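Close look at the chain arrangement
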Amino acid sequence: MKRKICYILNPISGTGSKDMLSNVVAKETLKAGIAFQFFPSVASGDYSFLFDTITEERYTDVVIIGGDGTVNQVIDSLKHLPVRFGIIPSGSGNGLAFGAGIPKTPVKALKVIFKNRWMPVDGFRVNGKFACMLCGLGFDAKVAHDFANAPQRGLMTYVNQVFKNFFGAKPYLFKIKLAETQFETGAYFISIANSNQFGNHFTIAPKASLNDGLLDVVIVTEQSKMAMLYNTLIQIGGMNKVQAVEAVRKKRGIIYFQTSSIRISNRNEAPMHIDGEPVATEKKLNIEIEKSCFNLLSDYL
Ligand SMILES: Nc1ncnc2c1ncn2[C@@H]1O[C@H](COP(=O)(O)OP(=O)(O)OP(=O)(O)O)[C@@H](O)[C@H]1O
């Protein structure tokens, strides 16, 4: 079947000029001899208006020009259609794209798309809500909420929000429930990761794979701020080993394990984000992997 690309471009993601970017994309796609059309992203995140167009006009690929929030919304809306998804990273973090080895430079990202190689990727559900990259509770979610209210996007705004929040950060109380064990712990934040990173190559879950059927859970427990900084560096550096799930228990420092499902009682209603987008938090969370639920254009495998 002849390829036809539906580009969905978010005009407000990240900080770069979208006019320049769409010109590059159009020029390179024409050069590659592939039919295409641009569609704007929508703030509601509901792309059902594209169902008929994609089916009737036989689009084979949907390529998102945006960040993780847009990637989440587009894939959640359209993954039941027989299309492959691609990403031209142009958000502030780009955690899924970078986790899948997609380059930041648009021309290089387009090369990956034109190669037409893809891999199945897992998603997961948080109380039924779709996630493809990362769900966070606590500190990083507070940062995501403040970032969403900031007048500007981009990496520098994100870094500013991290510093602003760091000194006032407090631990929240959680109960972790796994098939194998359960325990209560105070924690600054919990990351439930499918991609290995928050974005910007900040690898909070260095052993995470996009298609192993497992979520990497990282619990940064109650400890001094200095110890938290030190242990987070150890975690990012890949020196904190993944524990066997049967051996997971309450401990100081950072708890790191892999599981296909987890239940969390969020006792103090710690704030929550899904794929970097702030969402209303919930007291009881049921989180489950959705194995190989979409195909991503990537030559990473
Ligand atoms: N046309 C639009 N107008 C206003 N907002 C939009 C529009 N399209 C999408 N959005 C919103 O833009 C927000 C941010 O998008 P996105 O996640 O792509 O960028 P980012 O936050 O800068 O990057 P990242 O998530 O990688 O950090 C999402 O909440 C999405 O709903």
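This one's a predicted model, so the numbers in the text were calculated from it and none came from an experiment.

Right, let's get into the overall build of the chain. A count of helices and strands for the chain gives eight helices and 15 strands. Radius of gyration (C-alpha) of the chain: 19 Å, near the 19 Å computed for a compact globule of 301 residues. Referenced to the eigenvectors of the C-alpha coordinate spread, the extents of the chain come out at roughly 55 × 40 × 35 Å. Looking at the 301 residues of the chain, the share that counts as buried comes to 44%. When contacts within the chain are restricted to residue pairs at least 6 apart in sequence, those whose partners lie at least 24 apart make up 72%.

This next bit is on the domain arrangement of the chain. Domain annotation for the chain reports domain 1 (4-116) and domain 2 (129-292). Centre-to-centre, using C-alpha coordinates, domain 1 lies 27 Å away from domain 2. The set of elements that each furnish at least two residues to the side of domain 1 that touches domain 2 consists of α3 (68-78) and α4 (95-99). Per element, the largest residue contribution to the side of domain 1 that touches domain 2 is six residues, and it comes from α3. The residue inventory of the side of domain 1 that touches domain 2, partitioned by class, reads five nonpolar, 10 polar and two charged.

Those places that UniProt annotates as "domain: DAGKc" (unreviewed entry) correspond, in this numbering, to residues 1-130. For residues 1-130, the end-to-end C-alpha separation is 30 Å, with 35% helix and 27% strand making up the annotated structure.

It is worth spelling out the environment of Leu229 at this point. Among the secondary structure elements, Leu229 is positioned in helix α8 (residues 225-236). When the C-alpha atoms of Leu229 and Arg252 are compared, they prove to be 13 Å apart, with 23 residues separating the residues in sequence.

A word on the site of the ligand. Every one of the 23 residues lining the ligand counts as a neighbour, but Ser13, Gly67, Gly69, Gly91 and Gly93 are closest to it. For the shell around the ligand, the leading source of residues is α3, giving three residues. Tallied by class, residues from the shell around the ligand come to five nonpolar, 15 polar and three charged. Taken together, domain 1 (4-116) and domain 2 (129-292) each give at least three residues to the shell around the ligand, which thus spans both.

We now examine the confidence of the model for the chain. Caution applies to low-pLDDT regions: their predicted coordinates should not be interpreted in detail. On average, residues of the chain score 94 in pLDDT, and 100% of them reach the 70 mark or higher. Quick note on the complex model: pTM equals 0.93, ipTM equals 0.95.

Axis separation between helix α6 (residues 139-149) and helix α7 (residues 155-166) bottoms out at 9 Å; the angle between their running directions is 125°. Considering the angle they form, α6 stands oblique to α7. Once α6 is placed against α7, the crossing between them reads as right-handed. Counting all contacts with α6, which are made through Phe139, Lys142, Val143, Asp146 and Phe147, the residues of α7 involved are Thr157, Tyr158, Gln161, Val162 and Asn165. When grouped by side-chain class, the residues that make up the contact of α6 with α7 number five nonpolar, three polar and two charged.

In this fold, Pro271 is placed in the loop between β12 (261-266) and β13 (272-274). Along the sequence, Pro271 and His145 sit 126 residues apart, while their C-alpha atoms lie 8.1 Å from each other. Excluding its chain neighbours within four sequence positions, the residues that come into contact with Pro271 are Ala141, Lys142, His145 and Thr281.

Below, the discussion takes up the pairing of strand β10 (residues 215-221). Of all seven residues in β10, seven are buried, a share of seventy percent or more. The alternating pattern of β10 places Leu215, Val217, Ile219 and Thr221 and Asp216, Val218 and Val220 on opposite faces, both of which are buried. As paired strands, strand β9 (residues 182-193) and β10 are joined by six bridges and run antiparallel to one another. Across the sheet, residue Ala193 finds its bridge partner in β10, namely Asp216. Pairing of β10 with strand β11 (residues 254-259), which is carried by six bridges, proceeds in the antiparallel orientation. Residue pairing across strands places Leu215 opposite Thr259, the latter belonging to β11.

Once that is clear, we can look at helix α1 (residues 18-31). One turn of an α-helix holds 3.6 residues; hence residues three or four places apart share an orientation. Its 14 residues give α1 an end-to-end C-alpha distance of 20 Å, which sits within 8% of 20 Å, the value for a rise of 1.5 Å per residue. At the exit of α1 stands Gly33, carrying a positive phi of roughly 75°.

Criteria and cut-off values
Residues numbered from 1 in each chain as written. Predicted model: local features only at pLDDT ≥ 70, side-chain atom pairs only at ≥ 80, totals over all residues. Helix = DSSP H or I, 4+ residues; strand = E, 2+ residues; numbered from the N terminus. Rg over C-alpha atoms; globule rule 2.2 N^0.38 Å. Buried ≥ 20, exposed ≤ 12 C-beta atoms within 10 Å, placed from the backbone. Contact = placed C-beta atoms within 7 Å. Domains from an automatic or database assignment. Nonpolar A, V, L, I, M, F, W, Y, C, P; charged D, E, K, R; others polar. UniProt positions renumbered as here; feature names shortened; annotations may be inferred. Near = placed C-beta within 6 Å. pLDDT = per-residue confidence, 0-100. Axes fitted to C-alpha atoms, helices over the stretch in contact; angles between N-to-C directions. Parallel < 35°, antiparallel > 145°, perpendicular 65-115°, else oblique. Left-handed = near helix turned anticlockwise from the far one by under 90°. Pairing = 2+ DSSP bridges. Expected span 1.5 Å × (residues − 1).

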